[in-house]
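Spelled out, the chains give:
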Amino acid sequence: MSDTPSRSGDRAASRQPIWARPERGARGPAPTHSRDAIVTAAVTLADAEGLAAVSMRAVAAALGTGAGSLYRYLSSRDDLLDLMTDRVVGELRPYPPAGDDWLDEMLLVARQQLALYRAHPWLIEVIQRPSGVGPESLAWFDNCIRILQPVRCAVTAKFEAIAMLTGVVSLFARSEAAAGSASFAGADLAAYPHLVAAFRQPAPPAPRTDLFERTLRGLLTGLLAASPEVG
C-alpha cells in the first residue's frame, strides 16, 4: 500500500485546527523552511504594510521561495492568519503575577491587550475570525480564569466578563486607530439644540482615572458582583 495520503484524507486534515496538524505534509521534497519562519515573515509583513499585504505569494517572496512551497506547511491563508494571531497573543506573556485585587489584575491584563493591538494594528481585523483557538489564546484565557478564582460567582459570568473585556479593549483599539476621522468641525449645529447646549457646558474637572479604566472597572464589577454566587 502507498503511504501517500488520499485526497479525502488531505481534506479531512485541512479541517483540523492548524495546531493539530503536522508541521508539514508528508508529500513533496524535504522542507527548506519551518512553520515558525513562515509565521515570523508574515507577522513582519503585516506590521510593516498591513494585513492586506499578507498573501501566500508575498510571504513566500519574503522567504525567497515560491508560493507553492508554502502549501507544504499550510493549506490556506486562513491557516496562516490563525498562526499569526496566536503568535502575537503569545507576546502577552509573562502574565501579571498573582495579586491581592482581582480587579486590578484584570485591568492590567486589559492594558497589556490594548498595547498588543497598538503594536500589531492588523490584529483587530483577525482576532474575531471564526477559527480554531490556538494554544497561546487558550493560555491567556486560562490565566484570566486564574485571576477570577477569588470571585464568588457562576463560571458562566466569568466567561462573559472575559469576553466583554476583550470586546471593550478591541473597541478602544479601533477608536484609537480611527482617531480624527470624525469631527463636528465645520458642521452647522443650529438645528441640533442638545448638541449646542452640551458644547456650551463648562468642562468638568479631569477624572482621576482614564475612560479605559473607568469603563472596565464598571463593566467587570457590574457583571461579576451582580452575578449569583456559586452554591
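What counts and how
Residues numbered from 1 in each chain as written. Predicted model: local features only at pLDDT ≥ 70, side-chain atom pairs only at ≥ 80, totals over all residues. Heavy atoms only, no water. Helix = DSSP H or I, 4+ residues; strand = E, 2+ residues; numbered from the N terminus. Buried < 20%, exposed > 50% of the residue type's maximum accessible area, 1.4 Å probe, protein only. Areas by Shrake-Rupley, 256 points an atom, 1.4 Å probe, with all protein chains shown as cover. Phe/Tyr/Trp six-rings, centres within 6.5 Å; stacked < 30°, edge-to-face > 60°. Expected span 1.5 Å × (residues − 1). Contact = heavy atoms within 4.5 Å. Polar contact = N/O pair within 3.5 Å; in protein donor to acceptor, adjacent residues only side chain to side chain. Core = buried A, V, L, I, M, F, W, Y, C linked by side-chain atoms within 4.5 Å. Arc of directions from axis to C-beta. pLDDT = per-residue confidence, 0-100. Salt bridge = Lys/Arg side-chain N within 4 Å of Asp/Glu carboxyl O.

### A closer look at the overall build of the protein
Inference 1: From N to C terminus, the protein includes 11 helices and zero strands.
Inference 2: For the protein, buried positions account for 34% of its 231 residues.
Inference 3: Taken as a whole, the protein presents about 13800 Å² of accessible surface, with 58% of it coming from carbon and sulfur.

### Comments concerning the packing of aromatic side chains
Inference 1: Scanning the model with the defined rule gives two aromatic pairs in all.
Inference 2: Ring geometry for Phe-141 against Phe-159: centres 5.6 Å apart, planes inclined by 50 degrees, an arrangement best described as tilted. With Phe-141 in helix H8 (residues 135-147) and Phe-159 in helix H9 (residues 155-177), this pair connects stretches of sequence that are 18 residues apart.
Inference 3: On the basis of relative accessibility, which here comes to 39%, the residue Phe-159 falls in the partly exposed class.
Inference 4: Geometrically, the ring pair formed by Phe-172 and Phe-212 is edge-to-face, given 5.1 Å between the ring centres and 85 degrees between the ring planes. Residue Phe-172 is found in helix H9, and its partner Phe-212 is found in helix H11 (residues 211-225); the two are separated by 40 residues along the sequence.

### So, helix H5 (residues 77-89)
Inference 1: Given a rise of 1.5 Å per residue, 13 residues ought to cover 18 Å, and the 18 Å separating the end C-alpha atoms of H5 matches this to within 8%.
Inference 2: Summarising burial for H5: 10 of the 13 residues are buried, a large majority.
Inference 3: By the burial criterion, the buried members of H5 are Asp-79, Leu-80, Leu-81, Asp-82, Leu-83, Met-84, Thr-85, Asp-86, Val-88 and Val-89.
Inference 4: Its buried side turned inward, H5 meets helix H2 (35-49), helix H3 (56-62), helix H6 (102-119), helix H7 (123-126) and H8.
Inference 5: Structurally, the start of H5 carries an N-cap: the backbone nitrogen of Asp-78 is 3.3 Å from a side-chain oxygen of Ser-76.

### Describing the environment of Ala-67
Inference 1: Locating Ala-67 in the fold gives a position in helix H4 (residues 67-70).
Inference 2: When the C-alpha positions of Ala-67 and Arg-57 are compared, they lie 4.6 Å apart, and in sequence the two are 10 residues distant.
Inference 3: If sequence neighbours within four positions are ignored, Ala-67 has contacts with Met-56, Arg-57 and Ala-60.

### Quick notes on the nonpolar core
Inference 1: Residues Val-59, Leu-80, Met-84, Trp-122 and Trp-140 are the most contacted members of the largest nonpolar core, which totals 56 residues.
Inference 2: Within the residue set of this core, elements represented by two or more residues are H2, H3, H5, H6, H7, H8, H9 and H11.
Inference 3: When neighbours within four sequence positions are excluded, Met-84 is seen to be in contact with Val-39, Ala-42, Val-43, Ala-46, Leu-51, Val-54 and Trp-122.

### Focus: H8
Inference 1: Between its first and last C-alpha atoms H8 spans 18 Å; for 13 residues at 1.5 Å apiece the expected length is 18 Å, and the two agree.
Inference 2: Inspection of H8 places Ser-137, Ala-139, Trp-140, Asn-143, Cys-144 and Ile-147 among the buried residues, and these make up the whole buried set. One side of H8 carries all its buried residues, which in axial view fall inside an arc of 160 degrees. Set apart from the buried face of H8 by more than 90 degrees, the exposed residues are Leu-138 and Asp-142.
Inference 3: On its buried face, H8 sits against H5, H6 and H9.

### With respect to the confidence of the model for the protein
Inference 1: Scored by pLDDT, the protein comes out at a mean of 84, with 82% of its residues at no less than 70.
Inference 2: Of the regions scoring below 50 in pLDDT, residues 1-12 engages in five contacts with residues more than four places distant in sequence or in other chains.

### Thoughts on the pattern of salt bridges
Inference 1: In this structure the tally under the stated criterion is nine salt bridges.
Inference 2: Here Arg-111 and Asp-210 are joined by a salt bridge, their closest N and O atoms 3.0 Å apart. With Arg-111 in helix H6 and Asp-210 in the loop between helix H10 (193-200) and H11, this pair connects stretches of sequence that are 99 residues apart.
Inference 3: Residue Arg-111 is classed as partly exposed on the basis of its relative accessible area of 34%.
Inference 4: Take Asp-210: its relative accessible area is 35%, and that puts it in the partly exposed class.
Inference 5: Arg-217 is the salt-bridge partner of Glu-213, the closest N and O atoms lying 2.8 Å from each other. Placement of both Glu-213 and Arg-217 in helix H11 is noted, with a separation of four residues, approximately one turn of the helix.
Inference 6: The partly exposed category is assigned to Arg-217, whose relative accessible area is 28%.
Inference 7: Taken together, the shared-partner salt bridges connect Asp-104, Arg-111, Asp-210, Glu-213 and Arg-217 into one network.

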